[in-house]
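What follows is the residue order along each chain.
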Amino acid sequence: MNPSLESFSQGEEIVTGQTLDTNAVWLSQQAVTMGFTVTRHTAVGDKLEDLAQVLLDISKRADCCICTGGLGPTSDDLTAEAVAKAFDLPLIFDEIAYNQIERFFLNRNRQMPECNRKQAMLPKGSIRLDNQVGTAPGFALQQGRCWFAFVPGVPSEMRHLFLEHIQPTLKDRFDLIPSKLITIRTTGIGESDLQERINKIAIPSHVQLGFRAELGEVQTKLLFPHDYPNQHIENLTQSISQVIGDAVYAIEGLGQQSVDLVSVIDGLMLSGQHTLAIIENVSHGLLAAKLVGVSWLSSAAYVQSLDKLCQQFHVENQPNDLFSTAKTIAQALQDNTNADMILIQLTDDLDVNTKTQNGLTTVTNGLLVKGKYAQTIRTIAGNIERKQHQAAMLSLDLLRRYLQGKAYE
């Protein structure tokens, strides 16, 4: 059985929602990849008694715990004190840690405040984890069943200490056999629809199924035991991908590296030696922004008004036939560009750029390639920012489906 690992986040800003705890997400991903079973994530505010009690509880149930936050110089940074209280360990002044903190300020031509001395007070018997990118050293110790590592809550410092000190130690201390993670990446389909389709497949009880939803994408994750046969992994992954259908744009974990939607499109555009021109409306320039740096985007335009766009291309706006209007504009644009593909995104909701309240907007996406025109029509909802992102993802998905030879929806 894989050793168990918990993450423990400290700070009032975490439990009150003022700060998004990205550390726990990142640490869990690292731990699973290494071969741990992540069993729990706990967050506690700046209360000494609560912190100490949680540490005591963890020491009895987990094999390892990575604790983030509470190592700063201010009065609300209580991690070292909580460790001392929980395990009856006095705090000892660490001169090397103090010198490192002092040097941090000297290198920046600043005087070290006296309160930073607190960061050099470490629990007796702990191992100092030197911090090269901040003032707070981390520390590690064994208590009860659990090996604890304490690191700053600043993400850059946390990651530095984990990769530099903690990860190598974990590999030495624990017998780790990584599980096998497969990620099926989809766009244009929601979690509930995914679940309904996947319900058609019998998934073995020892294979863990999970979902991760983002705006415009849902990832279906399959975690297999380390000794699960590769052929069975491929067969189950293929079966699930088939029942999901054309919404699948990439599968990670079967020899493929991690990719996002733009990366997939970029590879397909380059291999096909295509060039693209775009006109966007609802996405307010976000579509072009997502394609910054690609070599095949020949032109991009954001238009606020459908009427002005029609005037620009000398096209008659047909209010009751947006299909014809969009197609005619795409053809006119292709006549004025060297791009072999035209992607156009429009709405007949002329107030879409000024609305701030939630509401429905119908988005028309059209793709013109070598005289052939395909179109999707979708209704999106939410505030301006959400519509902006949804519209950009719908446009990219139309392009992706064409390049992968999949049906338009």
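The following paragraphs examine the structure supplied in this document.

Parameters at a glance
Residues numbered from 1 in each chain as written. Predicted model: local features only at pLDDT ≥ 70, side-chain atom pairs only at ≥ 80, totals over all residues. Heavy atoms only, no water. 1 Å grid on protein atoms, 1.4 Å probe; cavity = no way out; pocket = protein on both sides within 12 Å on 5 of 7 lines; lining within 4 Å. Points joined across faces, edges and corners; volume = space filled by probe spheres on them. Helix = DSSP H or I, 4+ residues; strand = E, 2+ residues; numbered from the N terminus. Nonpolar A, V, L, I, M, F, W, Y, C, P; charged D, E, K, R; others polar. Pairing = 2+ DSSP bridges. Axes fitted to C-alpha atoms, helices over the stretch in contact; angles between N-to-C directions. Contact = heavy atoms within 4.5 Å. Phe/Tyr/Trp six-rings, centres within 6.5 Å; stacked < 30°, edge-to-face > 60°. Buried < 20%, exposed > 50% of the residue type's maximum accessible area, 1.4 Å probe, protein only. Core = buried A, V, L, I, M, F, W, Y, C linked by side-chain atoms within 4.5 Å. Salt bridge = Lys/Arg side-chain N within 4 Å of Asp/Glu carboxyl O.

Bringing the layout of surface pockets into the picture now. The volume enclosed by the largest pocket comes to roughly 670 Å³. In terms of lining, the largest pocket is formed by 24 residues, of which the most central are Val32, Leu181, Gln208, Lys221 and Leu223. Among the elements of the structure, helix H2 (22–34), strand S2 (37–44), strand S10 (208–214) and strand S11 (217–224) are those that each provide at least two residues to the lining of the largest pocket. When grouped by side-chain class, the residues that make up the lining of the largest pocket number 11 nonpolar, 10 polar and 3 charged. Along its surface, the second largest pocket is lined by 28 residues, and Glu13, Gly69, Gly70, Gly153 and Val154 are the ones closest to its centre. For the lining of the second largest pocket, the secondary structure elements donating two or more residues are strand S1 (4–10), helix H1 (12–15), H2 and helix H6 (155–173). Class assignment of the residues belonging to the lining of the second largest pocket gives a composition of 8 nonpolar, 14 polar and 6 charged.

Attention now moves to the sheet that holds strand S12 (residues 248–252). The 4 strands lie next to each other as S10-S11-S9-S12, forming an open sheet whose pairing is antiparallel. Every interior strand has two partners, whereas the edge strands, S10 and S12, have only one. Averaged over neighbouring strand pairs, the angle between their axes works out to 20° when direction is ignored. When S10 meets S11, the two strands line up antiparallel, connected through 7 bridges. Paired with arginine 212 across the two strands is glutamine 219, which belongs to S11. Most of the contacts of helix H7 (residues 191–198) go to S10, to which it runs at about 155°, and overall it touches strand S9 (180–186), S10 and S11. Strand contacts of helix H8 (residues 230–244): S9, S11 and S12, with the helix running at about 15° to S9, the strand carrying the most contacts.

So, about the packing of aromatic side chains. In this structure the tally under the stated criterion is 9 aromatic pairs. Relative to phenylalanine 148, the ring of phenylalanine 87 lies with its centre 5.7 Å away and its plane at 50°, an arrangement referred to as tilted. Remark: phenylalanine 148 occurs in strand S8 (residues 146–151) and phenylalanine 87 occurs in helix H4 (residues 79–87); sequence separation between them is 61 residues. Seen from their ring centres, phenylalanine 224 and tyrosine 228 are 5.0 Å apart, and the 50° between their planes marks the pair as tilted. The exposure class of phenylalanine 224 is buried, given its relative accessible area of 1%. A relative accessible area of 11% means that tyrosine 228 is categorised as buried.

Moving on to the nonpolar core. Soluble globular proteins: nonpolar side chains tend toward being buried together. Ranked by internal contacts, the top residues of the largest apolar core, which has 25 residues, are Phe8, Leu55, Ile58, Phe139, Phe148 and Phe150. Looking at this core, the elements with two or more residues in it are helix H3 (48–61), strand S3 (64–68), H4, strand S7 (138–143) and S8. Discounting chain neighbours no more than four positions away, the residues touching isoleucine 58 are Glu6, Phe8, Cys65, Cys146 and Phe148. Val264, Met269, Leu276 and Leu399 belong to the second largest nonpolar core, which has 24 residues in total.

On to the pairing of S3. S3 sits mainly inside the fold: 5 of its 5 residues count as buried. Burial along S3 is two-sided: the face carrying Cys64, Ile66 and Thr68 and the face carrying Cys65 and Cys67 are both buried. Of the pairings in the sheet, the one linking S1 to S3 comprises 5 bridges and is parallel in character. Across the sheet, residue glutamate 6 finds its bridge partner in S3, namely cysteine 65.

What the rule picks out here adds up to 11 salt bridges. Here glutamate 6 makes a salt bridge to arginine 61, at a shortest N to O gap of 2.6 Å. Of the two residues, glutamate 6 is situated in strand S1 and arginine 61 in helix H3; the sequence distance between them amounts to 55 residues. Overall, the relative accessible area of 2% leaves glutamate 6 in the buried class. Where aspartate 130 meets arginine 128, a salt bridge forms, and the shortest distance between an N and an O atom there is 2.6 Å. What makes aspartate 130 buried here is its relative accessible area of 18%. Under the relative-accessibility criterion, arginine 128 is labelled partly exposed at 24%. What you see here is one network of salt bridges that share partners, running through Asp94, Arg128 and Asp130.

So far we have only geometry, and geometry alone does not tell us how the molecule works.
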